[in-house]
Amino acid sequence: MTFDLGFIAQHLPEVIEAAGTTLMIWAAGAFCGLALGFLVALGRRYGPAPLAVLLGVIVELLRGTPFLVQLFLLYFGGPFIGLSLDPIPAGVLGLTCYAAAYYSEILRAGFDGVPAGHVEAAACVGFSGWQTIRRIILPEMAVLVMPALVNMTILLLKETAVLSIITVPELTMVTSAIGSESYAFVEALFLLALFYWVMVEICGHLGRFAELRLARTGLVAR
Amino acid sequence: MIAAVSVTGLVKRFGQAEVLRGIDLEVPAGRVTCLIGPSGSGKSTLLRCLAFLEEATEGAILIGGEPLGFAVTPDGRRTRLPSGRIRAVRSQIGMVFQHFNLWPHMTALGNVSEALKTVRRLGRSEADDRAMAQLRKVGLQNRANLYPSQLSGGQQQRVAIARALALEPKIMLFDEPTSSLDPELTGEVLNVMRALAADGMTMVVVSHEIGFAASVGHQIAFLDHGQLLLRGTPQEVFRKPRHARLDQFLDTYLDRGAAMLL
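Residues numbered from 1 in each chain as written. Chains lettered and ligands numbered in written order. Predicted model: local features only at pLDDT ≥ 70, side-chain atom pairs only at ≥ 80, totals over all residues. Heavy atoms only, no water.

Draft legend 1. Examining the overall build of chain B more closely. Across its full length, chain B carries nine helices and twelve strands. Taking the principal axes of the C-alpha coordinates as reference, chain B spans close to 55 × 50 × 35 Å. Of the contacts formed within chain B by residues at least 6 apart in sequence, a portion of 63% connects residues at least 24 apart. A distance of 4 Å separates the average location of the 30 positive side-chain charges in chain B from that of its 25 negative side-chain charges. (Helix = DSSP H or I, 4+ residues; strand = E, 2+ residues; numbered from the N terminus. Contact = heavy atoms within 4.5 Å. Lys, Arg positive; Asp, Glu negative; His and termini not counted. Charge placed at Lys NZ, Arg CZ, Asp CG, Glu CD.)

Draft legend 2. Region of the structure containing the interface of chain B and chain A. Each partner contributes residues to the interface: chain B has 23 residues there, and chain A has 22 residues. With both sides pooled, the region where chain B packs onto chain A buries about 1900 Å², and carbon together with sulfur makes up 62% of that total. When the area that chain B buries against chain A is broken down by residue, the three leading residues are B:Trp103, B:Pro104 and B:His105, summing to 29%. Residue A:Arg135 is joined to B:Glu114 by a salt bridge in which the shortest nitrogen-to-oxygen separation is 2.7 Å. Between the two partners, chain B and chain A, sit six residue pairs in polar contact (both at pLDDT 80 or more). Elements supplying a minimum of two residues to the side of chain B that touches chain A: α2 (83-90), β8 (93-96) and α3 (108-118) of chain B. Element by element, the count of residues in the side of chain B that touches chain A is highest for α3(B), at three residues. (Buried area = accessible area lost by both parts, 1.4 Å probe. Salt bridge = Lys/Arg side-chain N within 4 Å of Asp/Glu carboxyl O. Polar contact = N/O pair within 3.5 Å; in protein donor to acceptor, adjacent residues only side chain to side chain.)

Draft legend 3. Structural detail: the nonpolar core. In terms of nonpolar packing, the biggest core is built from 93 residues, with B:Ile161, B:Met172 and B:Met203 touching the most fellow members. Setting aside residues up to four positions removed in sequence, B:Met172 forms contacts with B:Gly94, B:Val96, B:Ile161, B:Ala164, B:Leu165, B:Leu196, B:Met201, B:Thr202, B:Met203 and B:Val204. Grouped together as the second largest cluster of nonpolar side chains are 51 residues, A:Ala90, A:Ile133, A:Met141 and A:Leu163 included. (Core = buried A, V, L, I, M, F, W, Y, C linked by side-chain atoms within 4.5 Å. Buried < 20%, exposed > 50% of the residue type's maximum accessible area, 1.4 Å probe, protein only.)

Draft legend 4. α2(B), seen in detail. Those residues of α2(B) lying buried are B:Ile86, B:Val89 and B:Arg90. Along the long axis of α2(B), the arc covered by the buried residues comes to 100°, so they all point the same way. Contact partners of the buried residues in α2(B): α5 (116-124) of chain A together with β4 (58-63), β5 (66-67), β7 (78-80) and β8 of chain B. (Arc of directions from axis to C-beta.)

Draft legend 5. Spotlight on empty space enclosed by the protein. Residue and element names in this part refer to chain B. Scanning all chains against the criterion turns up three cavities of 30 Å³ or more. Taken as a whole, the largest cavity holds about 70 Å³ of empty space. Lining the largest cavity are Leu10, Cys49, Phe52, Glu54, Ala56, Gly59, Ala60, Ile61, Leu68, Phe70, Val72 and Arg78. Listed by contribution, the elements that provide at least two residues to the lining of the largest cavity are β4 and β6 (70-72). It is β4 that provides the largest number of residues to the lining of the largest cavity, a total of three residues. For the lining of the largest cavity, the class distribution of residues is nine nonpolar, one polar and two charged. (1 Å grid on protein atoms, 1.4 Å probe; cavity = no way out; pocket = protein on both sides within 12 Å on 5 of 7 lines; lining within 4 Å. Points joined across faces, edges and corners; volume = space filled by probe spheres on them. Nonpolar A, V, L, I, M, F, W, Y, C, P; charged D, E, K, R; others polar.)

Draft legend 6. Broad picture of the UniProt feature "domain: ABC transmembrane type-1" (unreviewed entry) in chain A. Residues annotated in UniProt with the feature "domain: ABC transmembrane type-1" (unreviewed entry) correspond here to residues 19-204 of chain A. The span residues 19-204 of chain A is 83% helical and 0% strand by assignment, and the distance between its end C-alpha atoms comes to 18 Å. (UniProt positions renumbered as here; feature names shortened; annotations may be inferred.)

Draft legend 7. Structural context of the environment of B:Arg13. Residue and element names in this part refer to chain B. Looking at where Arg13 falls in the secondary structure, it is placed in strand β1 (residues 5-14). With a relative accessible area of 31%, Arg13 lands in the partly exposed category. For the pair Arg13 and Glu58, spaced 45 residues apart in the sequence, the C-alpha separation amounts to 8.9 Å. If we ignore the near neighbours within four places in the chain, the residues touching Arg13 are Glu18, Thr57 and Glu58.

Draft legend 8. Structural context of the pattern of salt bridges. Enumeration over the complete set of coordinates arrives at 18 salt bridges over all chains. With a closest N to O distance of 3.4 Å, B:Glu66 and B:Arg85 form a salt bridge. Residue B:Glu66 is found in strand β5, and its partner B:Arg85 is found in helix α2; the two are separated by 19 residues along the sequence. Owing to a relative accessible area of 38%, B:Arg85 belongs among the partly exposed residues under this scheme. Between B:Asp128 and B:Lys117 there is a salt bridge, and its shortest N-O distance comes to 3.9 Å. One end of the pair, B:Asp128, is in helix α4 (residues 124-137); the other, B:Lys117, is in helix α3, with eleven residues separating them in the sequence. A relative accessible area of 18% means that B:Asp128 is categorised as buried. Through salt bridges with shared partners, a single ionic network connects A:Arg44, A:Glu60, A:Arg63, A:Glu105 and A:Arg108.

What follows is the structure in structure tokens.
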């Protein structure tokens, strides 16, 4: 058996389209997951006790079960409760919930990392709760949580591979299909790994850039 | 004349622990009131109640005659005031903390101008002008663009004072403003406070600087175990023969610049 990437050239348009789908689902899952995770963290930190407990239980369930199982339940179990989704919406929804659980934990630690005195100082000069969150808490916690957020976002990209089991035409599914058709498994998987790696590198560099930007404001040395 | 701050029957409990056990205190306008007492006497808690950072369990606080946080009905029950009214009364109060609590992601100027922009809704240039004027008052106009991490402790505390003053409060509260500073840096903060007192600012100062309390304070309140044991002018409070508990407390300050009192 030879290692021949030449055949891939014929399939390149499909692969690029699949990579686009992966990127789109990843971006949507990360963005919505971060937004939802922020709301969950807010609810657990500042919400009434019953809400905080309920959110805590949901987060534990999402963190305590494999993403694969969650997706199966959502896609194949959803119709039993009237939730019939196409593969891509189901994938985005599943990824969003999964991401929100982890993001919320990171953000919760970020909230706790902002010294209480900084929040008291804001209250003393008349800030409302929301003004305090927007002007004081979010910028201060950004520097604390940025590395963990980038890490989670990278993991999330690789979790999109799991969406292939609910027939989302993303990179892993399309590339494996090409592999099985042409019996060029090694080449296909090599290409697959290369794609993920390039995207992770780009994400990692964006994250480092963000960290440097934050560091320049003098936030790091507290 | 209405007292700047009037405290009646203030009780604060944290669970089982009773930290304040019925405090009555009048803070005259334009004067400096110093709260002194051993650690755990409740002086910081009293000050935090005045800033509404702690909510008293019982009793009432009036700021310029206006109830802070709770209205007391004639039959003695307390109802919480709407948050808009609480904020309006609170806006008359400026607070300075032991650990400065500057916001690390903003420059000195940013720290001082932030509330002018966010809360008072001033335009950027007007807010910056006013903030700059306050920084000039505390002698830091040429440190305006530095971040807190680039300032010494004394400079950070002066920025914190400027931040509180920018909102033009009627009353300034100081919670051990020099306790986390080197003795060398303590002086510059005390000088700013002296100038403020000379300007006629109403001040309530929790401090271990007995020398400052004796020389700048118009009224001294000595707290012990959550009770106000003594209250009067420095001459009255520090005059011999002294209250036994105060004497015992002051003994620990002999080596800290308070020898002049003995």
